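Remarks on the overall topology
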Amino acid sequence: MSEEIIPEVNVEANVPSDVPEPAEMAPVVEAAAVNYQEMGIPELVAAFEQLAKSEDRMQRAKEADAIKSAFYKKLIKAKSEAGIDPESAEENPFTGIEEAFKAYYNAFKKEKAEYNKAQEAERERNLSLKQAVIEDLKQLLEKQEDVKVTFPEFRSIQDRWKAVGPVPVQNFRNLNETYQLYVEQFYDMVNINRELRDLDFKKNLEAKTAFCEEAEALAQRSDVVEAFRELQKLHEQWKDYGPVEKQYRESIWERFKAATAVINRNYQAHFEGLKEQQEANLVAKTALCEKAEAIAAAEMANANEWNAATKALEEIQKEWRGIGFASKKDNQKIYDRFRAACDAFFARKKEFYAGFKESINENLARKLAICEQAEALKDSTDWKATADTLIDLQKQWKEIGAVPRQKSDALWKRFRAACDSFFEARDKQPKDANDYYGNLKAKQRLIAEINAYELSGDAEADAEAGSKFSERWQAIGFVPFKEKDRIAQAYREAMAKFNAGRGASRRQRPERTPMTEKERLVKKYNQLEQDIVTYENNLGFFARSKNAEPLIRQMEERIAKAKEELRSLEAEIRSME
């Protein structure tokens, strides 16, 4: 007798009632898919092209639809932002990429339709084949022949049944129950000797023990989703085998069921953990949304603030990409909220820089006009009038805002060159036209005199000497333009040294403490004198002119007022002598 003959005498079908049918099993929850909403249009086209070339593309129809949905959503938005009617059939910058995507999708759709049609036809063929197997099994039961003849034929029928692929879902349960019914009837009617039955039990036990071992190995896998899928296949194969000896029947099923329970628990725990992680991800992403919304709503007054805000938002976006998905029902909502905040920010930034660009272009035009005016005057010999005009142009230049960065330095050098050309020519004129160099020498001699002055120890005398130094300095006229800052600094240093020496001299006279009223007035006089020097230096290269701007007039008024107060203090000090 062949070892492939696996009979049974008068036993109940060895198919546990709690083994779920494929359609009744818990659905496989897919791991979080790629979020195509975060991709750009070219990336979506590339993703669909890659999907359409994959070997498992026919099983990825939902993914194809997700890419399609994301693509057209992005395309409509991009067209709207570009001012293109999404419904217009006229050619536009997006026509090429849209037609490419349509070609890929239509080819895939056509192939999928043909595939589905072929699959449906295959299931219908399988249904006919299995119905034929059942009919043959039914006829076998009606023969009532010797088991030695019928059992090999029964085994062949079982092999044929296993070899046939899936049938339409709506026919599966009824077809399978009918087959199992006839199998049970066959085992009930078979009158077989113990030797053949024991062999049948033994082979079934070996097969089912192997299924238990496979299930136990699956329970140890880290990929619990894949383990769950493999377990479903084992359950299908389990049902295709006959019973085992009665004494092992319960234990072998309990072993298989125990491994199944472990896999199911792991599977459930995995998705519960995934749910908790998704909830944590939602909390983290909600916090990032709030930060992004705060940045999008903040008021920015200048480019530096916009740049700082942009950097902060980019850091938030980087952090967002490091967080996993939220739950399926929340993931798109939270992404749309975050995207809306980012879009609002960059829309405001775009609007700001549109106005800013217009402003700096206006500033550029104004400074170009000033350059042209300065270049037109650089060769003038009308020294006084031209100097006043150039100083006024310099003032206007300072009041004009920023220009494009790449043109700023060159533009300033151009303007400066025109001004320098005029002032250098003016300063080279002989004395009868310009005595700036004579003034420079006079101021140099005065500074040397201040540095060489030896304090007498008499506060009144030293104060009077300092007052005269100041008067003489103020009486000397302007110096060459390029020397004014250097000579003014030298004078301040000389006077600071002179006044420091006077302070030290006073500290050596304890009998003069506390300070007398006259000393207080002298101190105030010296301080006011220094203030005047500071005010005059602040004027920089601005000269007195009846056409000067209000700021210059204000500074000159302040200097005049200080000098008037200085004369008043001097008269008051002299009255105390």
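Before reading further, recall that the structure is shown in the block above.
So, here is what we can say about the structure in this document.

Notes on the overall build of the chain
Across its full length, the chain holds 17 helices and zero strands. Of all intrachain contacts in the chain linking residues separated by at least 6 positions in sequence, the fraction that spans at least 24 positions is 80%.

Regarding the side chain of N439
Summarising the element assignment, N439 is placed in helix α13 (residues 436-452). If we ignore the near neighbours within four places in the chain, the residues touching N439 are I476, G477, F478 and V479.

Here's the deal with the packing of aromatic side chains
If you walk through the whole model with that rule in mind, you get 27 aromatic pairs. Ring geometry for F345 and F346: centres 5.1 Å apart, planes at 85°, overall edge-to-face. Judged by its relative accessible area of 0%, F345 falls in the buried class. Through a chain of ring-to-ring contacts, the aromatic side chains of F48, F71, Y72, F101, Y105 and F108 assemble into a single cluster. One residue, K162, lies across the ring of Y241, its end atom 4.3 Å from the ring centre. The lysine or arginine in question, K443, covers the ring of W473, its NZ or CZ lying 4.3 Å from the ring centre.

A few points about the packing of helix α7 (residues 224-240) against helix α8 (residues 246-297)
Following both chains from N to C, one finds α7 and α8 inclined at 150°, their axes separated by 9 Å at the closest point. Judged by the inter-axis angle, α7 sits roughly antiparallel to α8. The handedness of the crossing between α7 and α8 comes out as left-handed. Two secondary-structure elements touch here, α7 through V224, V225, A227, F228, L231, L234, H235 and W238 and α8 through I252, W253, F256, T260, I263, N264, N266, Y267, H270 and F271. Residue composition of the contact of α7 with α8, by class: 13 nonpolar, five polar and no charged.

Quick word on the nonpolar core
Of all hydrophobic cores here, the largest spans 20 residues; its most connected members are A215, L234, W238, F256 and I263. Going through the elements one at a time, α6 (194-218), α7 and α8 are the ones with two or more residues in this core. Non-local contacts of A215, meaning those with residues more than four positions away in its chain, are made with L231, L234, F256, A259 and I263.

Quick notes on the packing of α13 against helix α14 (residues 459-475)
Between α13 and α14, the least distance of the axes is 10 Å, while the angle of their chain directions is 170°. By the angle class used here, α13 and α14 are roughly antiparallel. Residue-level inspection shows K443, L446, I447, E449 and I450 of α13 in contact with α14, the latter providing F469, R472 and W473. For the contact of α13 with α14, the per-class residue count stands at five nonpolar, no polar and three charged.

Conventions and cut-offs
- Residues numbered from 1 in each chain as written.
- Predicted model: local features only at pLDDT ≥ 70, side-chain atom pairs only at ≥ 80, totals over all residues.
- Heavy atoms only, no water.
- Helix = DSSP H or I, 4+ residues; strand = E, 2+ residues; numbered from the N terminus.
- Contact = heavy atoms within 4.5 Å.
- Phe/Tyr/Trp six-rings, centres within 6.5 Å; stacked < 30°, edge-to-face > 60°.
- Buried < 20%, exposed > 50% of the residue type's maximum accessible area, 1.4 Å probe, protein only.
- Lys NZ or Arg CZ within 6 Å of the ring centre and 35° of its normal.
- Axes fitted to C-alpha atoms, helices over the stretch in contact; angles between N-to-C directions.
- Parallel < 35°, antiparallel > 145°, perpendicular 65-115°, else oblique.
- Left-handed = near helix turned anticlockwise from the far one by under 90°.
- Nonpolar A, V, L, I, M, F, W, Y, C, P; charged D, E, K, R; others polar.
- Core = buried A, V, L, I, M, F, W, Y, C linked by side-chain atoms within 4.5 Å.

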